[in-house]
Amino acid sequence: MPYPGQFWRLDHDPFGYFDNALDSFTRNYLGFSTGLLLSGTLAALMFAYVVRFLAISLGTVEASMEKITPNMERASTVMGVTGIRMLARVHIPIMSGSLMAALLIVFVDVLKELPATLIMRPFGFETLAVRAYELASDERLAEAAGPSIAIVLAGIVPVIILSRAISRSRPGQKGQV
Amino acid sequence: MSKVTLSQIRHVNSEQFSLQIDHLVVEEGEIVCLLGPSGCGKSTTLRLAAGLERPSSGEVQIGNQIVASKTKFIGAEERRVGWCFRIMRYSRI
């Protein structure tokens, strides 16, 4: 189970090294400072999110790719649809449901993600989870209710959409949740 | 429908499956049934004729046009060959 310090070691050391190297180079040779380009911006946080949630989304997308058989691609080729057009007319329509599901799952997970966000966020950057955590830590529980309920509401809408999409994809259950 | 000719075909695909066809002619309007055990090359023969695979050597001719040879290859998307594939039903999610 990863703990927050691992994100620091994995992400911030190379990012910090790159930032320091670039900054010292521009200071010495160009006469200005670049600041913390990676470790002080959202780039490091985005990288942490990608590393953390890639496995979840990749599993969903891979499962949908397995539904595309070689015969589907051959049928497309025989009918003159190849390359990018095959991607647009065969692959994406078949995978669209799973791509949407992966997007929603990652969206909900990122929305409530706390450890990496707490450590790697730029100064002054707050998410709903961070806000709720800080207020709850200060025992301001009533004020923490606002961001907490916002997380629940923002998280439940994608779940409803996903459930409807799954229901529609099954025969005999059109539109039922 | 045009006459289809496969001659002196030697084919080894990426899975090291090898196929050899000395001479196969399907005349215009003729109906041919390929019979054989699993793995003998029935589907590969059809893929070679349709242009879904390029033969390692030999020649494929549709009508009067050479569509696959040592120097020339016209892909399936340009051959105007029909093929009814067996595709399993799928669900979107």
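Residues numbered from 1 in each chain as written. Chains lettered and ligands numbered in written order. Predicted model: local features only at pLDDT ≥ 70, side-chain atom pairs only at ≥ 80, totals over all residues. Heavy atoms only, no water.

With respect to the overall build of chain A
Logical step 1: For chain A, the helix and strand inventory stands at 7 helices and 0 strands.
Logical step 2: Helices (α) and strands (β) of chain A occur, in sequence order from the N terminus, as α-α-α-α-α-α-α.
Logical step 3: Taking all 177 residues of chain A together, 33% fall into the buried category.
Logical step 4: Long-range pairs, those at least 24 residues apart, make up 52% of the contacts in chain A with a sequence separation of at least 6.
Logical step 5: Element-wise, carbon and sulfur atoms account for 67% of the exposed surface of chain A, whose accessible area totals about 10900 Å². (Helix = DSSP H or I, 4+ residues; strand = E, 2+ residues; numbered from the N terminus. Buried < 20%, exposed > 50% of the residue type's maximum accessible area, 1.4 Å probe, protein only. Contact = heavy atoms within 4.5 Å. Areas by Shrake-Rupley, 256 points an atom, 1.4 Å probe, with all protein chains shown as cover.)

Quick notes on the overall build of chain B
Logical step 1: Within chain B one finds 2 helices and 4 strands.
Logical step 2: If you list the helices and strands of chain B from N to C, you get β-β-α-β-β-α.
Logical step 3: Scored against the burial criterion, the 93 residues of chain B give a buried share of 32%.
Logical step 4: Put simply, chain B shows about 6300 Å² of open surface, and 49% of that area lies on carbon and sulfur atoms.

Looking at the pairing of strand β3 (residues 57–62) of chain B
Residue and element names in this part refer to chain B.
Logical step 1: Where strand β1 (residues 4–12) meets β3, 5 bridges bridge the pair, whose relative direction is antiparallel. Bridged to arginine 10 within β3 is serine 57.
Logical step 2: Here 3 bridges tie β3 to strand β4 (residues 65–68), and the two strands are oriented antiparallel to one another. Residue pairing in the sheet places glutamine 61 in a bridge with isoleucine 66 of β4.
Logical step 3: Between β3 and β4, which pair antiparallel in sequence order, lie 2 residues; one of them, glycine 63, sits at a positive phi of approximately 65°. (Pairing = 2+ DSSP bridges.)

So, the pairing of strand β2 (residues 18–26) of chain B
Residue and element names in this part refer to chain B.
Logical step 1: Direction of pairing for β1 relative to β2: antiparallel, over a ladder of 8 bridges. The residue of β2 that forms the bridge with isoleucine 9 is isoleucine 21.
Logical step 2: A loop of 5 residues connects β1 with β2, the two strands running antiparallel in sequence, and glutamine 16 in this loop sits at a positive phi of about 60°.

Brief notes about the packing of aromatic side chains
Residue and element names in this part refer to chain B.
Logical step 1: As enumerated under the stated definition, the model contains 3 aromatic pairs over all chains in all.
Logical step 2: Taking the centre distance of 4.6 Å and the plane angle of 5° together, the rings of tryptophan 83 and phenylalanine 85 count as stacked.
Logical step 3: We classify phenylalanine 85 as buried; its relative accessible area is 13%. (Phe/Tyr/Trp six-rings, centres within 6.5 Å; stacked < 30°, edge-to-face > 60°.)

As for the pattern of salt bridges
Residues and elements named next belong to chain A.
Logical step 1: As enumerated under the stated definition, the model contains 8 salt bridges over all chains in all.
Logical step 2: Ionic pairing is found between aspartate 138 and arginine 140, a salt bridge with its closest N-O pair at 3.9 Å.
Logical step 3: Look at arginine 140 and you get partly exposed, because its relative accessible area is 34%.
Logical step 4: Glutamate 143 is the salt-bridge partner of arginine 140, the closest N and O atoms lying 2.9 Å from each other.
Logical step 5: For glutamate 143, a relative accessible area of 43% translates into the label partly exposed.
Logical step 6: Taken together, the shared-partner salt bridges in this structure form one network comprising Asp138, Arg140 and Glu143. (Salt bridge = Lys/Arg side-chain N within 4 Å of Asp/Glu carboxyl O.)

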